[in-house]
Amino acid sequence: MRYYLLLFEKWKYRFSLILLMLWCPSLQAEGLRSPEAVAQSFAQAYRNGQPDAIVALQFFANDNNGLAAVSRERQAWLSYMGQREIRSYRIAPLLARDQALLIRRSASPQKKLVVVYGATQQERWEEVYLIAWQAGAYYLLPVHQEP
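Attention in this report is confined to the structure presented alongside it.

Quick notes on the rules
- Residues numbered from 1 in each chain as written.
- Predicted model: local features only at pLDDT ≥ 70, side-chain atom pairs only at ≥ 80, totals over all residues.
- Heavy atoms only, no water.
- Pairing = 2+ DSSP bridges.
- Helix = DSSP H or I, 4+ residues; strand = E, 2+ residues; numbered from the N terminus.
- Axes fitted to C-alpha atoms, helices over the stretch in contact; angles between N-to-C directions.
- Contact = heavy atoms within 4.5 Å.
- Salt bridge = Lys/Arg side-chain N within 4 Å of Asp/Glu carboxyl O.
- Buried < 20%, exposed > 50% of the residue type's maximum accessible area, 1.4 Å probe, protein only.
- Core = buried A, V, L, I, M, F, W, Y, C linked by side-chain atoms within 4.5 Å.
- Phe/Tyr/Trp six-rings, centres within 6.5 Å; stacked < 30°, edge-to-face > 60°.

**Description of the sheet that holds strand 2 (residues 109–117)**
Moving on, step 1. Spatial ordering of the open sheet is given by 1-2-3-4, a layout of 4 strands whose pairing is antiparallel. Both outer strands of the open sheet, strand 1 (86–93) and strand 4 (137–140), are each paired with one neighbouring strand and no more. Between one strand axis and the next, the sheet turns through 30 degrees on average, direction left out of account.
Moving on, step 2. Along the sheet, helix 2 (residues 35–47) makes contact with strand 1, strand 2, strand 3 (125–134) and strand 4, crossing strand 1 at roughly 165 degrees.

Structure follows, in structure tokens:
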């Protein structure tokens, strides 16, 4: 028993980091089984004001400065949530006219999430977000990735 406690003491910092990464939603992406599940999770997190949950749905392909990108995304979603109210959302297939959305994407998008924002009928606009299949699950591609 003492041997295991000494071993734990020696490795506790690495072990703590691993546990932190396993349980911290902003440090790992939570891929889901379908684009519909991604859309539903996005809408629920947005309505509940949880930017960390939205960031956790995203797949950061460029991992050079991963923590900075995660922080930037979180701050952008915080300000975005304060400005816009979600009305509805839907999953749509990617069309030929959506090719401009696919530029500079390392992950290959499969579907798009169309979100309608606005508080009144006159105040209505749509935003399109891409959903990609990567490593056996669906992810939301980062929106506010560029500096």
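**Digging into the pattern of salt bridges**
Moving on, step 1. Here the structure, examined in full by the defined rule, presents 4 salt bridges.
Moving on, step 2. For aspartate 52, the salt bridge goes to arginine 74, with nearest N and O atoms at 2.7 Å. Of the two residues, aspartate 52 sits in helix 3 (residues 51–57) while arginine 74 sits in helix 4 (residues 66–83), which places them 22 residues apart along the sequence.
Moving on, step 3. Judged by relative accessible area, aspartate 52 falls into the partly exposed class, the value being 29%.
Moving on, step 4. Between aspartate 98 and lysine 112 there is a salt bridge; the shortest N-O distance is 2.8 Å.

**Section: the environment of leucine 141**
Moving on, step 1. With respect to the helices and strands, leucine 141 occurs in the segment after strand 4.
Moving on, step 2. Leucine 141 sits in the buried class, given a relative accessible area of 4%.
Moving on, step 3. The spacing of leucine 141 and phenylalanine 59 is 82 residues in sequence and 5.5 Å in space, taken between C-alpha atoms.

**Some words on the nonpolar core**
Moving on, step 1. By size, the foremost hydrophobic cluster in this structure holds 23 residues, and its most contacted members are Phe42, Tyr46, Trp77, Tyr117, Tyr129 and Leu140.
Moving on, step 2. Of all the elements in the fold, those that place two or more residues in this core are helix 2, helix 3, helix 4, strand 2, strand 3 and strand 4.
Moving on, step 3. Looking at this core element by element, the count peaks at 6 residues for helix 2.
Moving on, step 4. In contact with phenylalanine 42, not counting residues within four places along its chain, are Ile54, Leu57, Trp77, Ile86, Leu113, Val115, Tyr117, Tyr129 and Leu140.

**Notes on the pairing of strand 4**
A regular strand places its side chains on the two faces of the sheet in alternate fashion.
Moving on, step 1. In strand 4, alternate side chains face the same way, and those of Ala137 and Tyr139 on one face and Tyr138 and Leu140 on the other are all buried.
Moving on, step 2. Where strand 3 folds back onto strand 4 in an antiparallel hairpin, the turn is made up of 2 residues, including alanine 135, whose phi is positive at roughly 55 degrees.

**Topic: the packing of aromatic side chains**
Moving on, step 1. With the rule as written, the count across this model stands at 10 aromatic pairs.
Moving on, step 2. A ring pair is formed by tyrosine 46 and tryptophan 77, whose centres lie 6.2 Å apart and whose planes are at 85 degrees; its orientation type is edge-to-face. With a gap of 31 residues between them, tyrosine 46 in helix 2 and tryptophan 77 in helix 4 connect regions that are remote in the sequence. Both residues of the pair, tyrosine 46 and tryptophan 77, count as buried.
Moving on, step 3. Both rings, one in tryptophan 77 and one in tyrosine 80, keep their centres 5.5 Å apart while their planes meet at 85 degrees; by these two values the pair is edge-to-face.

**Remarks on the environment of glycine 31**
Moving on, step 1. Residue position: glycine 31 is located in the loop between helix 1 (2–23) and helix 2.
Moving on, step 2. When sequence neighbours within four positions are dropped, the list of residues in contact with glycine 31 reads Ala137, Tyr138 and Tyr139.

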